[in-house]
Amino acid sequence: MNTDHELPAILGGKPAVELKNTDTWPLLGKSEEEAVLKVIREGNISTHPIIRQLEEDYKSYTGAKYALAHNNGTSGLLAAFFALDLQPDDEILVPSATFWASALPMLWLGLIPVFCDSESETLGICPKSIEKNISAKTKAIVVVHLWGVPCNMEEILRLAKKYNLKIIEDASHAHGATWNGQQCGTIGDIGVLSLQGDKLAPAGEGGILLTNEYKYYERAICLGDITRIIELETPQRRFAATSFGIKTRIAPVSAAIGIEQLKKLNQHNKIRNDNIIYLSQKLETLGFNTYLSQGNKQRTYFEFYISYDENKIQIPMTQLIEALRQEGCEVAPPRYVLLHQQPFFTEGHFKKILRSALADSQLPDYSKVKLPNIERQGNFIKLPSFTSSNTALLDQYAKAFSKVVNNVPKILAANQSFAVIAE
Ligand SMILES: Cc1ncc(COP(=O)(O)O)c(C=O)c1O
């Protein structure tokens, strides 16, 4: 495909993407409708046994010994931090490049997030940064398989063993992704998957906590699953009348949707994978990094992000995005901000919820945190997740990128003259 001579749409040419992207998500159909109606007809809309079915299904899909359903991934993560039974002011290493729920729930337990840098290859927490940030108070590492890319688990497991640290895996983006043949969410001590509506196996609102250790499962139950505490046959049953103060049970209607979506997960993942890998291979030849699966890390695509090095494709991200939009591409800048740079941390608001015995002056000053690798990696572009097959549309996207990349000097020159006129 020689598109060098085709005029980019931003310079007055014909847009490359003529087909309409008709993909939708989540893909809900008759089976979800019937499953929800069954719950409603049976009338038990709070404690219906379908919740246990969801847990059984996650156990058999992932291979985890225990699964506990939650009302969302955030409460699953709170339960995971609670399950570790740490002391206030213990520290937990966590990537800055993630959704806030990977970190913030720990504050309610007095645990202090120590933000780490991310690796360029996997976009996950960087082992070198982990080692650099370990202190006498470090007790655990949060691993997030960002956008569905499995982290560098070889190194992370090695460091966890060396420094006696627990691993909480936030696999909210990585349903079905594997490392060494093991499902993401089952590699560390505790794993959590969000089932929120955008996720790969959505339930509306929901979360699943996975673990192979009974003690973690039991403590997660004690935090807020009042139906289960009463069933415990250990001394923990004495918390049945109170829990530890919150309520984390999933709604059966969500569980019903979650079960049907889990049945379809592999098929849904296959469609996304086939489409995105097809387009990724074309974008790689143009110089983009598309985070394809590597070796023993088999990724899935919660979202499709690519990045590029501005020394190689010499156009600022905002201008590249604008040129691609003019071609008809649905592209956007990154959705997540870096947590360590957020006012909640830099202005000290986190202290309002942190249950800490330390004086203010001993608490972290997040405004001084510097994470050079992830701070530098600004050139990310979000593409659609291509949830239905449509090779013709993918070819048009590839053509759009090719037209823009092959005409960067002309686009920049036109932008410059436009800027001069505008002045
Ligand atoms: C990485 C990550 N962790 C945790 C969560 C929290 O999950 P939920 O929205 O189900 O509470 C999300 C949700 O978007 C997420 O993206």
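Structural data are supplied above this passage.
Structural notes, computed from the coordinates.

**A word on the sheet that holds strand β7 (residues 182–183)**
An order of β7-β6-β10 is seen for the 3 strands of this open sheet, with the pairing classed as antiparallel. The open sheet terminates on both sides in strands that have one partner only, identified here as β7 and β10 (297–298). Bridge count between strand β6 (residues 178–179) and β7: 2 bridges; the pairing is antiparallel. Its bridge partner being in β7, T178 is matched across the sheet by Q183.

**Some thoughts on the layout of surface pockets**
Considered as a void within the structure, the largest pocket measures approximately 340 Å³ in volume. Lining the largest pocket are 14 residues; nearest its centre among them are S307, Y308, D309, R376 and Q377. A class-by-class count of the residues in the lining of the largest pocket yields 3 nonpolar, 8 polar and 3 charged.

**Observations regarding the packing of aromatic side chains**
Applying the stated rule across the entire model yields 20 aromatic pairs. Judged by centre distance (4.9 Å) and plane angle (80°), the ring pair of F350 and Y366 falls under edge-to-face. On the criterion of sequence distance, the pair formed by F350 in the loop between α10 (343–346) and α11 (372–376) and Y366 in the loop between α10 and α11 is long-range, its members being 16 residues apart. Residues F350 and Y366 agree in their burial class; the two are buried. Put simply, the rings of F115, F344, F345, F350 and Y366 pair up and form one aromatic cluster. Cation over ring: R272 sits above W25, and NZ or CZ is 4.1 Å from the ring centre.

**Regarding the site of the ligand**
Close to the ligand lie 17 residues, the nearest being G73, T74, D170, S194 and K199. Contact distances for the ligand include 2.7 Å between an oxygen atom and a side-chain N or O atom of S194. Contact between the ligand and K199: an oxygen atom at 2.6 Å from a side-chain N or O atom of the residue. With 3 residues, the single largest contributor to the shell around the ligand is helix α3 (residues 73–83).

**Quick word on the sheet that holds strand β1 (residues 66–70)**
Here we have 7 strands laid out as an open sheet, ordered β1-β9-β8-β5-β4-β2-β3, and mixed in their pairing. Because the sheet does not close on itself, it has two edges, and the strands there are β1 and β3 (112–116). Shown here is a sheet whose adjacent strand axes are inclined to one another by a mean of 20°, direction ignored. Strands β1, β8 (190–194) and β9 (207–211) of the sheet are contacted by helix α2 (residues 50–62), whose axis makes an angle of about 135° with β1.

**Some remarks on the pairing of strand β2 (residues 91–95)**
Most of β2 sits out of view: 5 of its 5 residues are buried. Residues E91, L93 and P95 line one face of β2 and the alternating positions I92 and V94 line the opposite face, and both faces are buried. In terms of strand pairing, β2 meets β3 through 5 bridges, oriented parallel. Its bridge partner lying in β3, E91 is registered against I112.

**Details of a nonpolar patch on the surface**
Side chains of L37, I40 and I45 sit close together on the surface and give an oily, nonpolar patch of about 270 Å² of accessible area. One can find L37 in helix α1 (residues 30–42). Accessibility expressed as a relative area gives 36% for L37, which makes it partly exposed.

**Notes on empty space enclosed by the protein**
If a probe as big as a water molecule is rolled over the atoms, it shows which places are left empty. All chains considered together, the criterion is met by 3 cavities of 30 Å³ or more. In this model, the largest cavity occupies a volume close to 50 Å³. What lines the largest cavity is simply T47, H48, I51, R52, D225, T227, R228 and R249. Mapped by element, the contributors of at least two residues to the lining of the largest cavity are α2 and α7 (226–229). A class-by-class count of the residues in the lining of the largest cavity yields 1 nonpolar, 3 polar and 4 charged.

Rules used throughout
- Residues numbered from 1 in each chain as written.
- Predicted model: local features only at pLDDT ≥ 70, side-chain atom pairs only at ≥ 80, totals over all residues.
- Heavy atoms only, no water.
- Pairing = 2+ DSSP bridges.
- Helix = DSSP H or I, 4+ residues; strand = E, 2+ residues; numbered from the N terminus.
- 1 Å grid on protein atoms, 1.4 Å probe; cavity = no way out; pocket = protein on both sides within 12 Å on 5 of 7 lines; lining within 4 Å.
- Points joined across faces, edges and corners; volume = space filled by probe spheres on them.
- Nonpolar A, V, L, I, M, F, W, Y, C, P; charged D, E, K, R; others polar.
- Phe/Tyr/Trp six-rings, centres within 6.5 Å; stacked < 30°, edge-to-face > 60°.
- Buried < 20%, exposed > 50% of the residue type's maximum accessible area, 1.4 Å probe, protein only.
- Lys NZ or Arg CZ within 6 Å of the ring centre and 35° of its normal.
- Near = heavy atom within 4 Å.
- Polar contact = N/O pair within 3.5 Å; in protein donor to acceptor, adjacent residues only side chain to side chain.
- Axes fitted to C-alpha atoms, helices over the stretch in contact; angles between N-to-C directions.
- Contact = heavy atoms within 4.5 Å.
- Patch = residues over 30% accessible without salt bridge, like charges linked within 9 Å, V, L, I, M, F, W, Y side chains within 5 Å.
- Areas by Shrake-Rupley, 256 points an atom, 1.4 Å probe, with all protein chains shown as cover.
- Salt bridge = Lys/Arg side-chain N within 4 Å of Asp/Glu carboxyl O.

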